[in-house]
Amino acid sequence: MTTPFLQAEKLERRVGDTQILAGIDLSVNKGEVVGLIGPSGSGKSSLLRAIAGLDPLTGGRVLVEGRTPTPGDGTIGMVFQQFNLWPHLTAGENVALALRLVRKMPRAEATERARAMLDRVGLLKLADRRPAQLSGGQQQRVAIARTLAMEPRLILFDEPTASLDPELTTEVLDVIRGLAETGMTMLVVSHEMGFVASVASRAAFLDHGRVLVDGPAKAVFRDAEEPRLRRFLSTYLQRVAWAPDPEPVPAADPGPLATFALLQQPAAPEGSTMSLLGLPPAAPPGGFSLLDSMGDPAAPKSPKADG
Ligand SMILES: Nc1ncnc2c1ncn2[C@@H]1O[C@H](COP(=O)(O)OP(=O)(O)OP(=O)(O)O)[C@@H](O)[C@H]1O
């Protein structure tokens, strides 16, 4: 039997009396895209953060190709809900500075590679714009380009479109869809069930820090036999019931097949405005670890432009 690309074994995380992860096992093969779904507070973000090494575990271990990844070694990239772009730098400079800081890449090489990465997410023409001159979807694509520039072998997406208006969600999901087609191994926490159903090869449903259902994505949505999953999907369908739909949307349990059909509907808009990857906003004196700093909302946001 071949070793899975990613093995999360019996992951436990407890903070005080709160059991955040209650013994999660997850194996992911190379090239798989696994959608993580579940109610708010079920542990989806915590699972990603644990895999990335951002949060300490109180039990279990994470192996990538049989080895414990070292935070900051570039094996794992993460894209967060907030984009955390450096506001005074252009899109190109955001990607290039990351390469210079993390990879110690010479300026010319970093600039060239940044342009190639922006091209990959369809933003080469906007390379000279600053974040404020970009839409939220474009900013998130810059953030994805910045993650891709590090050449991660596994990318974790934590609700990458949750901060975007629905019309901007598609362009970000299309980039992720494109990455899936290139064979990138990815874990995607998303409330976009239609996206998960269509792009993820597998879906795992979390509840109270446990994986209750794990299987081929379409089967998970189509069958939805597990009662909590069924309840979760039913609630989701009620939330999207506002969406333009020639068919009436059942408010209660719609049955498995109807559930799957309705999951093709777009999700309702969510609250805030930003989403992102997590590079460190600044290089602290004495160097830094990429993963240690990723997504730290308390981190300073105004590094000096690279000079
Ligand atoms: N550092 C922490 N200390 C205490 N409790 C925490 C901590 N981090 C997370 N939790 C709790 O752990 C649970 C899981 O949180 P997590 O953010 O992983 O859920 P989630 O499934 O990603 O939710 P959402 O969909 O709302 O983002 C929640 O009850 C949360 O309040």
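The rules behind the values
- Sequence order as written defines residue numbering, which begins from 1 separately in each chain.
- Per-residue local features of the predicted model are confined to residues with pLDDT of at least 70, and side-chain atom pairs are confined, for both listing and counting, to 80 or more; whole-chain, interface and lining totals are unaffected and use all residues.
- Numbered from the N terminus, helices here are DSSP runs of H or I no shorter than four residues, and strands are runs of E no shorter than two.
- With C-beta atoms placed from the backbone, the exposure class of a residue follows from how many other C-beta atoms lie within 10 Å of its own: 20 or more, buried; 12 or fewer, exposed; in between, partly exposed.
- By our criterion, buried Ala, Val, Leu, Ile, Met, Phe, Trp, Tyr and Cys residues that link up through C-beta atoms within 7 Å make up a nonpolar core.
- Note on contacts: residues are paired as contacts if their backbone-placed C-beta atoms lie within 7 Å.
- UniProt positions are given in the numbering used here, feature names are shortened, and annotations may be inferred rather than shown by experiment.
- A pair of strands counts as paired when DSSP detects no fewer than two bridges linking them.
- Expected span of a helix, by definition, is 1.5 Å for each gap between consecutive residues, and there is one gap fewer than residues.
- Axis lines are fitted to C-alpha atoms, over the contacting stretch for helices. Their N-to-C directions set the angle, which ranges from 0 to 180 degrees.
- Every angle not falling under 35 degrees, over 145, or within 65 to 115 is termed oblique; those three ranges are roughly parallel, roughly antiparallel and roughly perpendicular.
- Here a crossing is called left-handed whenever its near helix is offset anticlockwise from the far helix by less than a right angle, and right-handed whenever the offset is clockwise.
- All amino acids are sorted into three groups, where Ala, Val, Leu, Ile, Met, Phe, Trp, Tyr, Cys and Pro are nonpolar, Asp, Glu, Lys and Arg are charged, and the leftover types, Gly among them, are polar.
- Note on definitions: a residue is near a molecule or strand provided its C-beta atom, placed from the backbone, lies within 6 Å of it.

Peer 1: A description of the overall build of the protein chain should follow, citing residues and the corresponding values.
Peer 2: Scanning the protein chain for helices and strands turns up ten helices and ten strands. Across the 307 residues of the protein chain, 47% fall into the buried class.

Peer 1: Before we move on, could you go through the nonpolar core and cite the residues and values that matter?
Peer 2: In terms of nonpolar packing, the biggest core is built from 83 residues, with V95, A145, L156, V188 and V196 touching the most fellow members. The element best represented in this core is helix 2 (residues 91–103), accounting for seven residues. Excluding residues within four positions of it along the chain, L156 makes contact with L48, I51, A52, I76, M78 and L187.

Peer 1: Outline the UniProt feature "domain: ABC transporter" (unreviewed entry) in the protein chain, listing residues and values.
Peer 2: The residues that UniProt annotates with the feature "domain: ABC transporter" (unreviewed entry) are residues 6–233. Secondary structure within residues 6–233 divides into 38% helix and 26% strand; the distance between the first and last C-alpha atoms comes to 27 Å.

Peer 1: An account of the pairing of strand 9 (residues 210–216) is needed here, citing residue identities and associated values.
Peer 2: In this structure, strand 8 (residues 202–207) lies alongside strand 9, joined through six bridges in antiparallel fashion. Along strand 9, the bridge assignment pairs D207 with R210. Taking the residues between adjacent antiparallel strands as the criterion, strand 8 and strand 9 are bridged by two residues, where H208 takes a positive phi near 50 degrees.

Peer 1: Kindly report on helix 2, identifying the contributing residues and their values.
Peer 2: Between its terminal C-alpha atoms helix 2 stretches 18 Å, which fits the 18 Å expected from 13 residues at 1.5 Å a residue. With ten of its 13 residues buried, helix 2 lies for the most part within the structure. Buried residues of helix 2: A91, G92, E93, N94, V95, A96, L97, A98, L99 and V102, and no others.

Peer 1: Tell me about the pairing of strand 3 (residues 33–37), residues and numbers included.
Peer 2: Most of strand 3 is tucked away: five of the five residues are buried. As paired elements, strand 3 and strand 7 (residues 185–189) share four bridges and run parallel to each other. Residue pairing in the sheet places V34 in a bridge with L187 of strand 7. Bridge count between strand 3 and strand 8: four bridges; the pairing is parallel. Residue V34 lies in a different strand from strand 8, and its bridge partner there is R202.

Peer 1: Can you explain the packing of helix 2 against helix 4 (residues 136–149)? Please cite residues and give values.
Peer 2: The axes of two packed helices give the description: the angle between them and the distance between them. Between helix 2 and helix 4, whose axes approach to 9 Å, the crossing angle comes to 25 degrees. Judged by the angle between their axes, helix 2 and helix 4 are roughly parallel. As helix 2 packs across helix 4, the resulting crossing turns out to be right-handed. Each of A91, N94, V95, A98 and L99 in helix 2 lies in contact with helix 4, whose residues at this interface are V142, A145, R146 and A149. In terms of residue class, the contact of helix 2 with helix 4 is built from seven nonpolar, one polar and one charged.

Peer 1: I'd love a proper account of the packing of helix 4 against helix 5 (residues 166–181), names of residues and values included.
Peer 2: Interaxial distance between helix 4 and helix 5 falls to 8 Å at its minimum, and their mutual angle equals 20 degrees. Classified by the interaxial angle, the pair formed by helix 4 and helix 5 is roughly parallel. Along this stretch, helix 4 crosses helix 5, giving a crossing that reads as right-handed. Contact residues: G136, G137, Q140, R141 and I144 in helix 4; L168, E171, V172 and V175 in helix 5. In terms of residue class, the contact of helix 4 with helix 5 is built from four nonpolar, three polar and two charged.

Peer 1: Report on the environment of L85, specifying residues and quantitative values.
Peer 2: By secondary structure assignment, the location of L85 is in the loop between strand 5 (76–80) and helix 2. Judged by local crowding, L85 falls into the buried class, with 27 C-beta atoms found within 10 Å. As a C-alpha pair, L85 and A143 span 58 residues in sequence and 6.9 Å in three-dimensional space. Beyond its immediate stretch of four places on either side in the chain, L85 contacts N94, P131, Q139, V142 and A143.

Peer 1: Can you explain the site of the ligand? Please cite residues and give values.
Peer 2: Taken together, V15, T18, I20, G38, S40, G41, S42, G43, K44, S45 and S46 are the residues near the ligand. Per element, the largest residue contribution to the shell around the ligand is three residues, and it comes from helix 1 (residues 44–52). Residue classes in the shell around the ligand are distributed as two nonpolar, eight polar and one charged.

Peer 1: Give a description of the sheet that holds strand 4 (residues 59–64) that names residues and reports values.
Peer 2: Spatially, the three strands line up as an open sheet ordered 2-1-4, and their pairing is antiparallel. Strands with a single pairing partner mark the edges of an open sheet, and in this sheet they are strand 2 (18–28) and strand 4. Ignoring which end each strand starts from, the neighbouring axes of this sheet average 20 degrees apart. Sheet analysis places strand 1 (residues 6–15) next to strand 2, joined by eight bridges and oriented antiparallel. Of the residues in strand 2, the one forming a bridge with E12 is A22.

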